[in-house]
Amino acid sequence: MSIYLVGGAVRDLLLGRRPGDLDFAFSGSLESFAASHAGARAVGVSVRVCLWRGREYMPLHENSPERDLAARDLTINALALEENGRLHCHPQALRDLRDGILRPASSSAFESDPLRVFRVARFAAALPRFRLADECAAYMRAVPDEALRAIPAERVGRELLKALAAPKPGRFLKVLDETSCLRVWFPELIAASAVPAGPLPWHADSVLDHLAAVMDAVQGDPLAVWMALCHDLGKLSTPPEELPHHYGHEKRGILPAVKLGRRLRLPRIYQQAGALAAEEHMRAGLLLSMRPGSQRDVLWRVHRSGLHDSFWRMVDADGGHPLSAE
């Protein structure tokens, strides 16, 4: 029986990055693993794994390293490092790691697990130099709505939360937009790439480009990134005859921000943060030109929320001036 370090941890080692989560697999049956490793016990119902020394160990798919790698999501994650130092990899894994390509490990990768649509977008946010292979984008576009709808909300929400903590979080939205995968779980954003963010000279891009840029500007603070995603959602319901202006979008954005957070089962603090960002970002951006009484009202509301650090960081990025430093 052999034990393997598999997936993203091996990828990160090969990229010279510190591995995050460590995933392990083994050859043989659950029973044989439990019998040969003192203290190991089999757990789980739909997915059976062994717990040993505080870590999960999964049996290889069809008890074969090669078949296990072929069943994984992306070639760059289809890697297994054996105890003896032998590296098993998908035939294209090392080339795609070198060239910076996100490529599905098989033509059925998204069919077998539609959540991989959102994992790919998350990997694009986590690995900014990597681009989607043409076939990856094509397979993502082909995933039917009913398959996306069948994914548990919590699983999509977890992928989003990981993307919010990534080095280039705006790519999560951009990849989903480019592959027509905002539908079902992010319907508020479907038209975002076609709606102007505002009139010149303040904006020269789309709402989606603007949201992604602000998200990237506050990377490192996941709550501020979420606020950046939510702050201009109200612009997507602007009457066409008012474009490129967005009068009153801050009020219109409150409900979409809350609904998006609830749909994805995000923690309550994210729902509160999204609503605050939508409702107050315009007044916060004009804070220094307000009368003292109006300034006090904005500052008190933001302070009372307990979200002030992340909120002002987002406002700084949105307006391009250092309010939080004054």
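Here, every reference points to the structure presented above.
Here the residue numbers are simple positions, counted from 1 along each chain's written sequence. Under the rules for a predicted model, residues below a pLDDT of 70 receive no local features and side-chain atom pairs below 80 are neither given nor counted, while totals for whole chains, interfaces and linings still include all residues. The side-chain values count all of the structure's non-hydrogen atoms but skip hydrogen atoms and water molecules.

*Asks:* Quick one: what's the story with the packing of helix H11 (residues 207-217) against helix H12 (residues 222-230), residue by residue and with numbers?
*Replies:* Axis definition: a line fitted to C-alpha atoms, over the contacting stretch in the case of helices. Angles run 0 to 180 degrees between N-to-C directions. In DSSP terms, a helix is any run of H or I states spanning at least four residues, a strand is any run of E spanning at least two, and both are numbered starting from the N terminus. One can describe the packing of H11 onto H12 by two numbers: an axis separation of 8 Å at closest approach and a directional angle of 165 degrees. It follows that H11 is roughly antiparallel to H12 by the angle criterion. Crossing handedness for the pair H11 and H12: right-handed. Residues Leu211, Val214 and Met215 of H11 lie in contact with H12, whose contacting residues are Val225, Ala228 and Leu229. Its residues placed into classes, the contact of H11 with H12 shows six nonpolar, no polar and no charged. Any angle that falls under 35 degrees is termed roughly parallel, while one over 145 is termed roughly antiparallel, one within 65 to 115 roughly perpendicular, and all others oblique. Two helices cross in a left-handed way if the nearer one is turned anticlockwise from the farther one by less than a right angle. They cross in a right-handed way if the turn is clockwise. The contact rule is simple, with two residues in contact once any of their heavy atoms fall within 4.5 Å. Note on residue categories: nonpolar means Ala, Val, Leu, Ile, Met, Phe, Trp, Tyr, Cys or Pro, charged means Asp, Glu, Lys or Arg, and polar means any other residue, Gly included.

*Asks:* Outline the environment of arginine 262, listing residues and values.
*Replies:* Of note, arginine 262 is situated in helix H14 (residues 254-263). Separated by 105 residues in the primary sequence, arginine 262 and glycine 157 place their C-alpha atoms 9.6 Å from one another.

*Asks:* Account for a nonpolar patch on the surface, with residues named and values stated.
*Replies:* Without a salt bridge and with relative accessible area above 30%, a residue can belong to a patch; like charges are then joined within 9 Å and nonpolar side chains (Val, Leu, Ile, Met, Phe, Trp, Tyr) within 5 Å. Throughout, the Shrake-Rupley method with a 1.4 Å probe supplies accessible areas, and for residues the shown protein chains are the sole cover considered. Salt bridges, as used here, are contacts in which a Lys or Arg side-chain nitrogen is within 4 Å of a carboxyl oxygen on Asp or Glu. A cluster of nonpolar side chains, contributed by Leu14, Leu87 and Leu94, occupies part of the molecular surface with about 240 Å² of accessible area. Within the element layout of this structure, leucine 87 appears in strand S7 (residues 87-89).

*Asks:* Could you give an account of the sheet that holds strand S1 (residues 3-6), naming the residues involved and the relevant values?
*Replies:* Paired through their backbone hydrogen bonds, the strands of a sheet run either parallel or antiparallel. For two strands to pair, DSSP has to find at least two bridges joining them. As summarised here, the arrangement of the seven strands in space is S3-S4-S5-S2-S1-S6-S7, forming an open sheet in which the pairing is mixed. With partners counted over all chains shown, the strands left at the sheet margins are strand S3 (41-43) and S7, one partner each. For this sheet, the mean inter-axis angle between neighbouring strands, taken without regard to orientation, is 35 degrees. As judged from the three bridges shared by strand S6 (residues 79-82) and S7, these two strands associate in the antiparallel manner.

*Asks:* Can you explain the side chain of arginine 263? Please cite residues and give values.
*Replies:* Of note, arginine 263 is situated in helix H14. A polar atom in the side chain of arginine 263 sits 2.6 Å from the side chain of glutamate 188. Sequence-distant contacts of arginine 263, defined by excluding residues within four places in its chain, comprise Ala153, Val184, Trp185, Pro187 and Glu188. Any pair of N or O atoms that falls within 3.5 Å is considered a polar contact. Within protein, one atom must be able to donate a hydrogen and the other to accept it, and sequence-neighbouring residues count only if both atoms are side-chain atoms.

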